[in-house]
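Next come the chains, spelled out residue by residue.
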Amino acid sequence: QPQLVESGGGLVQAGGSLRLSCAASGRTFSWSAMGWFRQAPGKERELVAAIYSDGSTHYADSAKGRFTISRDNAKNTVYLQMNSLKPEDTAVYYCAARSSSDYSWRYWGQGTQVTVSP
């Protein structure tokens, strides 16, 4: 069973930066994309950024210009560099892997809390 383990969350002041990491194990070659989602209290989970098997990336409008998703294939790790953080970025951030068979976000990490204080 593939596993995704996030790290790097924490408390930061507005304007600060954090880097999230997602270490993957298992059948990673069968994944068509890796992504970072977030869920704030009372809100739906939303896709923040994704990186596809061809290296292309996608960002939510709220993340464009501030967040950068990247991957290190040798380490099977995906990163989310978050700069210029805002209080509205406060959420639990989840790493996910997308299946290459049905393109569903099938595998999920346990989540890491990011809290941005004013």
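See the structure printed just above.
None of these values were measured; they are calculated from a predicted model. (Residues numbered from 1 in each chain as written. Predicted model: local features only at pLDDT ≥ 70, side-chain atom pairs only at ≥ 80, totals over all residues. Heavy atoms only, no water.)

(A) Quick peek at unusual backbone geometry. Of note, the phi angle at N76 is positive, near 50 degrees, even though the residue is not glycine. A positive phi is found at Y103, a non-glycine position, where the angle reads about 60 degrees. Along the chain, the position of Y103 falls in the loop between strand 9 (91-99) and strand 10 (105-108). Residue class for Y103 comes out exposed when judged on its relative accessible area of 52%. (Helix = DSSP H or I, 4+ residues; strand = E, 2+ residues; numbered from the N terminus. Buried < 20%, exposed > 50% of the residue type's maximum accessible area, 1.4 Å probe, protein only.)

(B) Looking closely at the pattern of salt bridges. Inspection of every chain in the model, using the stated rule, returns five salt bridges. Taking the shortest distance from any N to any O, the salt bridge between E46 and R38 comes out at 2.7 Å. Residue E46 is classed as partly exposed on the basis of its relative accessible area of 34%. Between D61 and K64 there is a salt bridge, with the nearest N and O atoms lying 3.1 Å from each other. For D61, a relative accessible area of 66% puts it in the exposed group. Counted as one network, the salt bridges with shared partners bring together R38, E46, R66 and D89. (Salt bridge = Lys/Arg side-chain N within 4 Å of Asp/Glu carboxyl O.)

(C) How the structure looks around the packing of aromatic side chains. In this structure the tally under the stated criterion is four aromatic pairs. Among the aromatic residues, ring-to-ring pairing joins F37, Y94, W105 and W108 into one connected group. The ring of Y94 has R45 sitting right over it, with the charged end atom 3.9 Å from the ring centre. (Phe/Tyr/Trp six-rings, centres within 6.5 Å; stacked < 30°, edge-to-face > 60°. Lys NZ or Arg CZ within 6 Å of the ring centre and 35° of its normal.)

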